[in-house]
Amino acid sequence: SQIRSHYSFVVREANYTRLCSTKSILTVNGNFPGPTIKVHRGETIFVNVYNKGNYNITLHWHGVKQPRNPWTDGPAYITQCPIQPGRRFRQKLIFSTEEGTIWWHAHSDWSRATIHGAIYVYPTKNTPYPFPKAHAEIPIIFSEWWKSDINEVFTQFIESGGGPNISDALTINGQPGDLYPCSMTETFEFHVEQGRTYLLRVVNAAMNLILFFSVSKHNLTVVGADGMLTKPLTREYICISPGQTMDVLLHANQEPDHYYLAARAYSSGVGVAFDNTTTTARVKYSGNYTPPSSPSLPNLPDFNDTPAVLDFITSLRGLPERYPRQVPTNITTQIVTTISVNTLPCPNGRTCQGPNGTIFAASMNNISFDTPNIDILKAYYYHINGVFKPGFPRFPPFIFNFTGDFLPITLNIPKQGTRVNVLNYGATVEIVFQGTNVIAGIDHPMHLHGFSFHVVGYGLGNFNQSKDPKNFNLVDPPYLNTVIVPVNGWAAVRFVATNPGVWFMHCHLERHQVWGMETVFIVKNGKASNETLPPPPPDMPLC
Ligand code: C2O
Ligand code: CU
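The structure presented is a predicted model; accordingly, all values stated were derived computationally and were not measured.

Conventions adopted
- Residues numbered from 1 in each chain as written.
- Chains lettered and ligands numbered in written order.
- Predicted model: local features only at pLDDT ≥ 70, side-chain atom pairs only at ≥ 80, totals over all residues.
- Core = buried A, V, L, I, M, F, W, Y, C linked by C-beta atoms within 7 Å.
- Buried ≥ 20, exposed ≤ 12 C-beta atoms within 10 Å, placed from the backbone.
- Helix = DSSP H or I, 4+ residues; strand = E, 2+ residues; numbered from the N terminus.
- Contact = placed C-beta atoms within 7 Å.
- Pairing = 2+ DSSP bridges.
- Axes fitted to C-alpha atoms, helices over the stretch in contact; angles between N-to-C directions.
- UniProt positions renumbered as here; feature names shortened; annotations may be inferred.

Draft legend 1. Highlighting the nonpolar core. Ranked by size, the top nonpolar core spans 149 residues in total, and within it L211 and V520 carry the most contacts. Counting residues per element, this core draws most heavily on strand β18 (residues 258-266), at seven residues. With sequence-adjacent residues up to four places away left out, V520 is seen in contact with I78, I376, F388, V420, V502, W503, F504 and M505.

What follows is the structure in structure tokens.
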């Protein structure tokens, strides 16, 4: 019914009032959060993107694997030049095995703060999801709101070399909730009937915050994550990183009353400032009862409860019987990469607000990624030299106790460059992300475009090549596109490189992405005609 194959997304400014003040924000079609896309598994749709704002912009379909179609994937200067004001780009979205909830967002500067929305992927036509049928589906989109203009926040962050100004509110579907000033009348609420089940379509669109959320007095059952279904996992609280999405069943099986769905930030980082106010939405049962003057808040883990994060992420299991792709066991390409927050010397003539007057940087294998001026996909396809270099270092150039308290100074000074990983078609790839304690350890949600990967293992401390692989889950690992690498720990993922093209990988904490915690995978063509990268669409934006 609401399934359409063509959408029109007009990027334009609109006024929104939050926390007692009004500002102009970038929106799609005037909406914040933006419109929801609804499709069935395996369908292809088109989105006509019109830029009627004043800034260059790109849109990315996060979790849509886009087989053989990196051209309209969206990350600026990776697969396309930005859409300039007044221009249009028709983007093709090719869905393959995705099911459940994914999302779309801007992928240039910090515009994704307000330019984002959900994508609901239903099973193939006339088939149900393999979990109990929900009476209704409810969007739960978390994000962050700044009272000042987001471009000013971004510019000041870039120019200072320090951390970004913290946001003024966490929001649910654009609303801060009852615990923030001037927000009560607009708080998001939904109505439930006792005995029924509701499907929460959860997106963490926050810029820099991993979140805990729960509903007071209710358990939540996760049935999907990152657009791939999972074994049901029932918990009191859920942990979700920026970039991640989840399908969560809420069973309305408590006394008719008003309850809060609430979320707050998790932070393992020393000295990382954040708003620790809880954002809320109201869950209201129908029926005849006297509602409380104020609903009760759920118990959420403390802001620094790393064991609570680990317990949740290591409990999630995939649903392998639903998907044709098995976990690869014969690894042809192993990539071990450190992921670090670093510093670089303050450029001459500037005052810098990073630690001891430096500027912050971030790196993978000690390379801080330099974004080029024309996109890597075009440079690769047309053989334009000088845009990127292959030869992303295969192993950390030095072996240290990366998660210890005393790290050699050499680890702190990254090189800068546009280094990419070139993979043969069909390569079976394992990536081990090794967190480090350079500057300060923190969790990193690492995201890969163009694929879902099997998350085969997590651990604390240094990855141990002779011991840890023995405990990998090769049977039913979750199939994600964004993995939380625990603070001072590691995570291992596997995928098969059968999607030719150029695919971005980066930390989904926006500040780390800007600092250079990124790299690119180029997957070469295979031999068969259906294993090659087709030519670009005619309306690719020009730089
Ligand atoms: Cu959510 Cu590079 O993307
Ligand atoms: Cu990070």
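Draft legend 2. Focus on the sheet that holds strand β15 (residues 228-235). If you walk across this open sheet you meet the six strands as β10-β9-β12-β17-β14-β15, and the pairing is mixed. Across the chains shown, the open sheet's two edge strands, defined by having one partner strand only, are β10 (169-172) and β15. Strand after strand, the sheet turns through a mean of 25° between neighbouring axes, direction not considered. One ladder, built from five bridges, connects strand β14 (residues 220-225) with strand β17 (residues 245-251); its direction is antiparallel.

Draft legend 3. Structural view of the sheet that holds strand β25 (residues 419-423). Spatially, the six strands line up as an open sheet ordered β23-β25-β33-β32-β27-β30, and their pairing is mixed. Each of the sheet's edge strands pairs with one partner strand only, and the pair in question is β23 (389-390) and β30 (482-485). Here six bridges tie strand β32 (residues 501-507) to strand β33 (residues 518-523), and the two strands are oriented antiparallel to one another. Bridge assignment links G501 to a residue of β33, and that residue is V523.

Draft legend 4. Seen up close, the environment of I150. Positionally, I150 belongs in helix α1 (residues 150-160). The sequence separation of I150 and R112 amounts to 38 residues, and the corresponding C-alpha distance is 9.6 Å. Apart from residues no more than four positions distant in its own chain, I150 is found in contact with W110, S111, A113 and T114.

Draft legend 5. A look at the UniProt feature "domain: Plastocyanin-like" (unreviewed entry) in the chain. The positions UniProt marks with the feature "domain: Plastocyanin-like" (unreviewed entry) are residues 11-125, 138-288 and 401-526. Taken end to end, residues 11-125 has its terminal C-alpha atoms 31 Å apart, with 0% of it in helix and 46% in strand. In the segment residues 401-526, helix accounts for 5% and strand for 44%; the C-alpha atoms at its two ends are 39 Å apart.

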